[in-house]
Amino acid sequence: MDAFNGRIPAGIWGLSAVLLAAAVMLPFMLSPFQIRLAQQILLFGGMAVAWQMLGGFTNYWSFGHTAFFGLGAFAAGLLAQQLDPSLSVAVKLAIGTVFAIGLALVAALAIAIPVLNLRGIYFAIAMLAFAEILAEITKTFDAFHGTSGFPLPALLVPGLTKVQLFYFLFLLLFLTNIAVFVWLRRSRIGMGLTCIGQDEDTAAMLGIPTERYKLVAFVLSAVLTAIGGVLYGYSLGFISTGSVFRIDISLNLILYTMLGGIGTVAGPIIGAALMIVLTQVVLGNLLDLHMMLTGAVLIAMVILAPKGLMGLARKAWDRRRGAAEGRP
Amino acid sequence: MNGTLLFQTLVDGLILGGIFSLSAVGFSLIFGVLGVVNLAHGVFILAGAYIGLWLKGALGLDPLAAIPVVFLVLAVIGGALQRTLVSAAVQRGSLMTSLLITFGASLILRDLLILAFGPDIQSLSSTWLLRTYHVGGVVIDGARATGLLASLVLLAMLAIALHAMKVGRAIRATAQQSFAAGLCGVDSNRIYTLTFGVSAGFAGASGIIIGMINPFSPFDDAYWTLNAFVTVVLGGVGSPVGALLGGLMLGEISTLSSQYIGPRFPNVFIFCALLLMLIVRPNGLLGNAYKASV
Amino acid sequence: MSAPTAGLVLEGIDFAYGGARALNGVSLSVPPASIVALLGSNGAGKSTTAKVIAGALRPVRGTIVFDGQSIAGLPSHQVMRRGVVLVPEGRLVFAQMTIQDNLMMGAYKENRRSRVAALLEQNYTTFPRLKERRHQLAGSLSGGEQQMLAIARGLMAEPRLLVLDEPSLGIMPKLVQEIFVLIRRIVDNGMSILLIEQNARASLELAGYAYVLEKGQIILQGEGRQLLADEFVQNAYLGTDT
Amino acid sequence: MKKGISRRSALGGMAVAVTAPAVFGNDSAWAQSGSTIRFGGSLGMSGRYAETGLNIRQGYETAIKFINEQKGGVEIGGKKYRVELAIVDDASDPARATSLIQRQVDGDVSFFLGSYGSNIVLPCAGITEAAGKLTVQVGASADQIFQQGYRNIFGFFPRASRAWVTSIEFFKSIAPKPKSVSIIATNDAFSKANAQAAAAGCKGIGLEVLDLLELPEQVSDASSALATIRARTPDILITTTVDQNSLVIVRQMIATDTNVPLLYQFLGPQLPMYRESLGAKATGVIMQLPWEARIDFKDPIFGSTKAYIDYYNKNNTRALSYHTVGASSCITTYVEAMRTAGSLDPAKVRNALAATNITTAFGPVKFSPEGDGDAIVMGAKIGQVQSGQVQVVYPKDVKTADLIYPTPVWAKKG
């Protein structure tokens, strides 16, 4: 594990700079549809990176991250309706984001204390239940307008189309998520979380403050996911419980991560790109069978590449290097 | 508070709970023995209902009489799923990946159901089921009461099989200590396949009963999977008694909150009960029938 | 194998966990109706050897022959059907099942009800303590009683070779004595025993022949009494005598 | 080793096959070619309401097939065009729906046939509206869609708050005069909006609304709501939910002996399966009839309602539903508007749509200034199940049978 403290190699910096430059240029070259695909890859790939802050290191796999996603979208959206209508939409978005962050923070802290004591599959179930509770609450109490849905103000910036604008917002969040994840992974917390992933009891005996590390990772992950919800809500312009509290969003975050390679930065992004392009471009025109094919791809990937595409790539790389050096 | 209404609500909850119990027992068994959360459970249930529908249409078989056939068909499907996909996932990845595998399988199976039967709502009803019974001011719905009765019979059969039969003992032993069970001569892979098969069979049987009471469509699977989830977490993992207890609790929470707080609230209450139970006793009231508590 | 040999013969067994070598060319044999001890410190590879014999682990290299037939690479549920039964370290009883159910699991391969009943009776005679509590859950027994149960469960399978992995671990000395008395009695019935132990003194007193395992290799072997007198064994495993 | 390589290459191949067309492919597949009119749009084909999706899809397909095969295409502005359908499955997921609709907008599809569910329709409408593309749809009726000031969205159904105009008139016509009403809704946008509209309408004519009970979106048990209904029986019980829930509720009403003089189920009794599964017990149940097969209308493409039904039944095995006829008539309406405009210019077609006043197989088509169906012209008729058949009982000029009121108790039926 050289990832913890070693310097990030110059090659990686270089590659990142090139990719970033390309990402900034992209919306001026692609068609709106292609930008929309890129939007989703940035948003959901970025959220998968956020999901990894806990789930990538440890066995605490949240099956209910859509809870924070929906929380963010609803918090910002409902707040926008209460704010003075004369405020500019950008200001509403900013206030909504701050509000959503605060709310996600409180919710994550509140739920983390009992739920982080559960291990493995029970944590997964508890998070799923938490997401369902929030979804049901938004639908059950009319104050939240979850059933019928409600509009969000349209954000406009001169010189950019709406798709381009949200592309850049998603890109910003995406970069933030990656930065936080890389920081976390290289920090003492990341090392502690990795130990927790290996064996939590031993980690605790070694004096690692397991509770605190898990909490930090969980809360960071939750807050960043909530920001994703805020931006997504604004990009749609109209949301209901059915648009943001979706079990498939939670499952997709895990799927993207698994597909690309858990614990890596590039993995979730590759996974998201692959699945989004697969389901919306390749299978996009199918009316009947795309769900079945999605299921088949999912199964094939999990069985054929249990460590994800990054795992396969690494294995291939090792093997080639091994062959070059004359090792078996 | 009106006494008859309370009693009526309790009875309604009991009857509803019986159906939840049967629909969850297979999920519970797989979870207890293999540690796998089977997200394809709801599709198994619906597949049972649809096969019953087909048997009724093609052979004129009464849904109740079709239960053994449906059980067998589903057992084969479930066993095959475990043999091929689930065991591969557990071997190559982890228990967690089995969630993704069963989710993928549920997408495929659901699409197959739509291809075979269309997306329309269907019903397995028999008109004789619509009878009503009045017992001292309480109205008992014949269809649901039949469902409760059938559920109890099937659950009792499973309980007996698990406790009195040799193979049931082997299932319990494998769940507790698969290594030691192997040393006793039990082929754990076979037990896993068998458990998956039996569980799918029970899901299919419950599908028949659900189909006799309520109309169904291929998109109900998530609802039933989620209910099974809640039932198991409330009652306890792996045992028919746990499933019964969980199902009855679910039924009572559902009808009581619906009657006395408002008919739109039961879901909120159900999930809150679920979360509360997870925090207090993750393995449910009865705990895990096979392993020490988490 | 050229000529069928009776008893268990391990030859040149290698085993590795991932990249870590655990067994390195282990060879040993257990003749019929004998007690053979396998000694070694913690982590020497004793339990790994036991699991390789029982089929729970698959050796990388080497042969395992029991009564003339190769059993290497067979899964454990088939190995036990050939007559080699392991009583695992840590007892591993089925805690949520009754004592009687545990014993009946031991006779899982036996399909004749009458035979199972006879075996039950036989074991209840050997372990009267288990008979008293036969309807209690195994998890409610003390450590020593669970060990008794584990051995009894092994005996229910009517093995020709019983592999006992650390039967004295974590058990009161009084019960340990009882267990060792029992082991001798079992051999009198014609069954052979591979006794894997850290408790070197008691084992060596009991065993006709013994092996010492260190870092995955057999470093010493000989007759029990001979090893008891060996200076190296005394220093390494017997400690200061009282 | 060997296995590893094959696995690797298989995955690599898959990845390339998947990504290449996305990044480099153009969207020419969607482009409007010279002599073809392409109708785009999305439908929820794989969600809880996929049944509606399938009904609508078959309606589109029937119209497309008829126009191409029987009429040899359509003539607009002196030029013959073939018509083509390019709808996709939005899986009721707004992220998926918006990007798929965007793809069609990019690909120069100008004429959209809408999905249903406001959380899909509204974000998609934002895209098509901004691009100046048109939508005519037979699914969504939420008020919000028609309150955005959109100029290019048209819907066949009157918006939810106006969907009860004929029903309320019908209640007024019942003798002896009913005094009270209870409403059971489910917790989804469609049902809630309709329940509110129904309640407001009933209050408006002096009916007392005893209870407005709201069940979860998927109903498996309505026993407690029914206990409330039994405790104070209304003269009319209205349920405003989808087919599956309607059936759950009515069956439980029968099983628990919950009797009301008049049961009004917004959706459900229209389905043959509903009536078959209830048998004689279905007698007396009231429903909205957005379309009724026995009322024959002239249709500029199919000729008449009757001709349409014959053609549909010859080519399909699936029972005809009002969504199917409505979907076919969406295309009829489009084509008529294009003919009137004499052009495929969306702006001109839009104006022709806004001025539409024709009859189709579905019935008269006329849009309100906001784009939804005119509440009077396109409002639903009232039907009642009698001896297993649906009879029109209101309005009087089209009725096929007299209303049974009050209906007999369950035990007396069959």
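As the structure is a prediction and not an experimental result, all values here were calculated from the model.

**Section: the overall build of chain A**
Part 1: Across its full length, chain A holds 14 helices and 2 strands.
Part 2: Along the first, second and third principal axes, the C-alpha atoms of chain A reach 70 × 50 × 40 Å.
Part 3: Going through the 328 residues of chain A one by one, you find that 59% of them count as buried.
Part 4: Counted over contacts in chain A with a minimum sequence separation of 6, partners at least 24 positions apart contribute 80%.

**Focus: the overall build of chain B**
Part 1: Broken down by element type, chain B carries 11 helices and 2 strands.
Part 2: If you list the helices and strands of chain B from N to C, you get α-α-α-α-β-β-α-α-α-α-α-α-α.
Part 3: In terms of overall dimensions, chain B has C-alpha extents of about 60 × 50 × 35 Å along its principal axes.
Part 4: Relative to all contacts within chain B whose residues are 6 or more apart in sequence, the contacts with residues 24 or more apart total 78%.
Part 5: Split by element, the accessible area of chain B, about 9400 Å² in all, is 71% carbon and sulfur.

**What to know about the interface of chain D and chain A**
Part 1: On the side of chain A, 44 residues touch chain D, which itself brings 42 residues to the contact.
Part 2: Inspection of the region where chain D meets chain A yields 3 salt bridges.
Part 3: A salt bridge links Lys192(D) to Asp142(A); the shortest N-O distance between them is 2.8 Å.
Part 4: At the junction of chain D with chain A, the criterion picks out 17 residue pairs in polar contact (both at pLDDT 80 or more).
Part 5: At the level of secondary structure, the elements contributing two or more residues to the side of chain D that touches chain A comprise helix 1 (2-24), strand 3 (79-89), helix 3 (94-106), helix 4 (118-130) and helix 6 (189-204) of chain D.
Part 6: Here the residues of the side of chain D that touches chain A sort into 19 nonpolar, 11 polar and 12 charged.

**Things to note about the packing of helix 6 (residues 166-176) of chain B against helix 8 (residues 188-213) of chain B**
Residues and elements named next belong to chain B.
Part 1: At a minimum axis distance of 10 Å, the contact between helix 6 and helix 8 shows a crossing angle of 105 degrees. Overall, the two elements helix 6 and helix 8 adopt an arrangement that is roughly perpendicular. Residues Val-167, Ala-170, Ile-171 and Thr-174 of helix 6 form the contact with helix 8, whose own contacting residues are Ser-188, Ile-191, Tyr-192, Leu-194 and Thr-195.
Part 2: Looking at side-chain class alone, the contact of helix 6 with helix 8 contains 6 nonpolar, 3 polar and no charged residues.

**Quick look at the arrangement of the chains**
Part 1: By contact count, the dominant pairing among the 4 pairs of chains in contact is that of chains A and D.
Part 2: In this structure chain A stays clear of chain C, and the shortest span between their C-alpha atoms is 14 Å.
Part 3: No interface is formed between chain C and chain D, the nearest pair of C-alpha atoms being 17 Å apart.

**Comments concerning the pattern of salt bridges**
Part 1: Enumeration over the complete set of coordinates arrives at 40 salt bridges over all chains.
Part 2: Between Arg133(C) and Glu145(C) there is a salt bridge, with its nearest N and O atoms 3.1 Å apart. Separated by 12 residues along the polypeptide, Arg133(C) in the loop between helix 5 (128-132) and helix 6 (143-156) and Glu145(C) in helix 6 bring together distant segments of the chain.
Part 3: Since its relative accessible area comes to 25%, Arg133(C) is described here as partly exposed.
Part 4: Classification of Glu145(C) by relative accessible area gives buried; the value is 8%.
Part 5: Here Lys65(D) ties to Glu69(D) by a salt bridge, and the two come within 3.4 Å at their closest N and O atoms. Taken as a pair, Lys65(D) and Glu69(D) lie in helix 2 (residues 50-70) at a separation of 4 residues, close to a single helical turn.
Part 6: Since its relative accessible area comes to 33%, Lys65(D) is described here as partly exposed.
Part 7: Taken together, the shared-partner salt bridges in this structure form one network comprising Arg119(A), Glu200(A), Asp201(A), Glu211(A) and Lys214(A).

**A few points about the interface of chain B and chain D**
Part 1: Across the boundary between the two partners, chain B contributes 39 residues, which contact 37 residues of chain D.
Part 2: Of the roughly 3200 Å² buried at the junction of chain B and chain D (both faces included), carbon and sulfur atoms supply 52%.
Part 3: In this assembly, chain B and chain D are joined by 3 salt bridges.
Part 4: Asp120(B) is paired through a salt bridge with Arg318(D); the nearest N and O atoms lie 2.7 Å apart.
Part 5: The tally of links from chain B across to chain D stands at 17 residue pairs in polar contact (both at pLDDT 80 or more).
Part 6: Counting only elements with at least two residues in the side of chain B that touches chain D, the list comes to helix 1 (3-34), strand 1 (132-135), strand 2 (138-141), helix 5 (142-164), helix 8, helix 10 (240-260) and helix 11 (266-280) of chain B.
Part 7: For the side of chain B that touches chain D, the element with the highest residue contribution is helix 1 of chain B, accounting for 5 residues.
Part 8: Each residue belonging to the side of chain B that touches chain D can be placed in one class, and the counts come to 16 nonpolar, 14 polar and 9 charged.

**Overview of the packing of aromatic side chains**
Part 1: Within this structure, the stated rule accounts for 42 aromatic pairs over all chains.
Part 2: Relative to Phe218(A), the ring of Phe68(A) lies with its centre 5.8 Å away and its plane at 80 degrees, an arrangement referred to as edge-to-face. Here Phe68(A) is found in helix 3 (residues 66-82), whereas its partner Phe218(A) is found in helix 9 (residues 210-236), with 150 residues between them in sequence. Across the pair, exposure class does not vary: Phe68(A) and Phe218(A) are buried alike.
Part 3: The structure contains a cluster of three or more aromatic residues connected by ring pairs, namely Trp164(D), Phe170(D), Phe171(D), Phe190(D), Tyr264(D), Phe266(D) and Tyr394(D).
Part 4: Over the aromatic face of Tyr108(C) sits the side chain of Lys166(B), whose NZ or CZ is 5.0 Å from the ring centroid.
Part 5: One Lys or Arg, Lys51(C), reaches over the ring of Phe179(B) and ends 5.5 Å from the middle of that ring.

**Examining helix 9 of chain A**
Part 1: In a regular helix each residue adds 1.5 Å, so 27 residues correspond to 39 Å; helix 9 of chain A covers 39 Å between its end C-alpha atoms and thus fits that length.
Part 2: Gly237(A) lies just past helix 9 of chain A and shows a positive phi near 85 degrees.

**Regarding the confidence of the model for chain B**
Part 1: Averaged over all residues, the pLDDT of chain B is 89; the fraction at 70 or higher stands at 97%.
Part 2: This complex was scored by the predictor with a pTM of 0.89 and an ipTM of 0.87.

**A word on the sheet that holds strand 6 (residues 153-155) of chain D**
Sheet strands associate in pairs through backbone hydrogen bonding, adopting either a parallel or an antiparallel arrangement.
Residues and elements named next belong to chain D.
Part 1: Taken together, 6 strands build an open sheet; the order of strands is 2-3-1-4-5-6 and the sheet is mixed. Two strands lie at the open edges of the sheet, namely strand 2 (74-76) and strand 6, each paired on one side alone. On average, each strand axis in the sheet is tilted by 30 degrees relative to the strand beside it, whichever way the strands run.
Part 2: As judged from the 8 bridges shared by strand 1 (residues 36-43) and strand 3, these two strands associate in the parallel manner. Pairing of Gly-41 across the sheet is with Ile-87, part of strand 3.

**Side note on a nonpolar patch on the surface**
Residues and elements named next belong to chain B.
Part 1: Taken together, Leu-6, Phe-7, Leu-10, Tyr-260, Ile-261 and Phe-269 make up a surface patch of nonpolar side chains, about 500 Å² in accessible area.
Part 2: When residues in the nonpolar patch are grouped by element, the largest group, 3 residues, is from helix 1.
Part 3: Topologically, Phe-7 is positioned in helix 1.
Part 4: On the basis of relative accessibility, which here comes to 48%, the residue Phe-7 falls in the partly exposed class.

**A look at the environment of Lys109(C)**
Part 1: If you trace the backbone, Lys109(C) turns up in the loop between helix 3 (99-106) and helix 4 (113-126).
Part 2: Sequence separation between Lys109(C) and Met80(C) is 29 residues, and the spatial gap between their C-alpha atoms is 8.9 Å.
Part 3: Excluding residues that lie within four positions of it along the chain, Lys109(C) makes contacts with Lys166(B), Cys184(B), Met80(C), Arg81(C), Ala157(C) and Glu158(C).
Part 4: At 3.0 Å, the side chain of Lys109(C) forms a polar contact with the backbone oxygen of Ala157(C).

**Some details on the sheet that holds strand 6 (residues 84-87) of chain C**
Residues and elements named next belong to chain C.
Part 1: Ordered by their spatial adjacency, 6 strands build an open sheet running 6-7-8-3-9-10, and the pairing between neighbours is mixed. Of all strands in the sheet, those with a lone pairing partner are strand 6 and strand 10 (217-223), marking the two edges. Neighbour-to-neighbour, the strand axes of the sheet open up by a mean angle of 15 degrees, direction not taken into account.
Part 2: In the sheet, strand 3 (residues 35-40) pairs with strand 9 (residues 209-214) via 5 bridges, with the strands oriented parallel.

**Description of the pairing of strand 3 of chain D**
Residue and element names in this part refer to chain D.
Part 1: Note: strand 2 against strand 3, 3 bridges, orientation antiparallel. Along strand 3, the bridge assignment pairs Val-74 with Tyr-81.
Part 2: Counting the residues that bridge the hairpin from strand 2 to strand 3 gives 2 residues, and of these Gly-77 lies at a positive phi of roughly 55 degrees.

Rules used in this analysis
- Residues numbered from 1 in each chain as written.
- Chains lettered and ligands numbered in written order.
- Predicted model: local features only at pLDDT ≥ 70, side-chain atom pairs only at ≥ 80, totals over all residues.
- Heavy atoms only, no water.
- Helix = DSSP H or I, 4+ residues; strand = E, 2+ residues; numbered from the N terminus.
- Buried < 20%, exposed > 50% of the residue type's maximum accessible area, 1.4 Å probe, protein only.
- Contact = heavy atoms within 4.5 Å.
- Areas by Shrake-Rupley, 256 points an atom, 1.4 Å probe, with all protein chains shown as cover.
- Salt bridge = Lys/Arg side-chain N within 4 Å of Asp/Glu carboxyl O.
- Polar contact = N/O pair within 3.5 Å; in protein donor to acceptor, adjacent residues only side chain to side chain.
- Nonpolar A, V, L, I, M, F, W, Y, C, P; charged D, E, K, R; others polar.
- Axes fitted to C-alpha atoms, helices over the stretch in contact; angles between N-to-C directions.
- Parallel < 35°, antiparallel > 145°, perpendicular 65-115°, else oblique.
- Buried area = accessible area lost by both parts, 1.4 Å probe.
- Phe/Tyr/Trp six-rings, centres within 6.5 Å; stacked < 30°, edge-to-face > 60°.
- Lys NZ or Arg CZ within 6 Å of the ring centre and 35° of its normal.
- Expected span 1.5 Å × (residues − 1).
- pLDDT = per-residue confidence, 0-100.
- Pairing = 2+ DSSP bridges.
- Patch = residues over 30% accessible without salt bridge, like charges linked within 9 Å, V, L, I, M, F, W, Y side chains within 5 Å.

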